[in-house]
Amino acid sequence: MNIELHPIATFHSPYCDLEGMPVQPCGAQNVCATIEVKEEYVEGLKDLDGFSHLYLIYYFHKVKEPKLSVIPFNDKTKTARGVFSTRTPMHPNSLGLSLVELVKVEGNIITIKGVDIVDGTPIIDIKPYIEHFDRVCGEVKSGWMLSNADEVECMRADERFVG
């Protein structure tokens, strides 16, 4: 199977360095950024402004070597975890997923809030958040993740996933 993915946009963020940036969008709720969509994809932005939130799927272009075991930022035990039970950038295909607030769409520029993505990141796809599709009903488990919302919001990246 041959899979080819091509960026549809470039992310423009106030975070130019991985170290010290938020590790989840909730850690930067009021931080704005823009997505510059390539001209050939602008038609695909039609009707996007009717949504409050977007999923961004992007390529962790700064990951040099994926790992199958990592110590996540919010792991209180500092135990190595299997990469598929984490949201670190070190996954084999280096794809990221963020849920962000949509502020506006103007031409080929999308303005968003709630940014945990480094400047220059290639955006692979954009999908709308739809409450009736995406809200989880019933019991929710978060595995090893024991940090509360305030701890997640305050967490910042350190050197462990840089370079």
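As shown above, the structure is provided for reference.
Every chain is numbered independently, its residues counted from 1 as its sequence is written. Two thresholds apply to this predicted model, a pLDDT of at least 70 for residue-level local features and 80 or more for giving and counting side-chain atom pairs, whereas whole-chain, interface and lining totals are computed over all residues. Excluded from the side-chain calculation are hydrogens and water; included are all heavy atoms of the structure.

Tell me what's going on with the pairing of strand β1 (residues 9-12), and back it up with residues and numbers.
Of the two faces of β1, the one lined by A9 and F11 is fully buried and the one lined by T10 and H12 carries no buried residue. In the sheet, β1 pairs with strand β2 (residues 32-37) via four bridges, with the strands oriented antiparallel. Pairing of A9 across the sheet is with V37, part of β2. Here, a strand pair is defined by DSSP locating no fewer than two bridges between the strands. A run of H or I in DSSP becomes a helix once it reaches four residues, and a run of E becomes a strand once it reaches two; helices and strands are each numbered from the N terminus. Bridge count for β1 against strand β8 (residues 122-128) is two bridges, and the pairing is antiparallel. The residue of β8 that forms the bridge with T10 is P122. Note on classification: 1.4 Å probe, protein chains only; a residue is buried when its accessible area is under 20% of the maximum for its type, exposed when over 50%, partly exposed between these limits.

Go over a nonpolar patch on the surface with me, naming the residues and quoting the values.
A cluster of nonpolar side chains, M1, I3, L5, Y59 and L95, forms an exposed patch at the surface whose accessible area comes to about 600 Å². Inspection of the secondary structure assignment puts L5 in the segment before β1. What makes a patch is a set of residues exposed beyond 30% relative accessible area and free of salt bridges, joined within 9 Å when like-charged and within 5 Å when nonpolar (Val, Leu, Ile, Met, Phe, Trp, Tyr). Using a 1.4 Å probe, the Shrake-Rupley method yields the accessible areas, and only the shown protein chains count as cover for residues. Whenever a carboxyl oxygen of Asp or Glu lies within 4 Å of a side-chain nitrogen of Lys or Arg, that contact is scored as a salt bridge.

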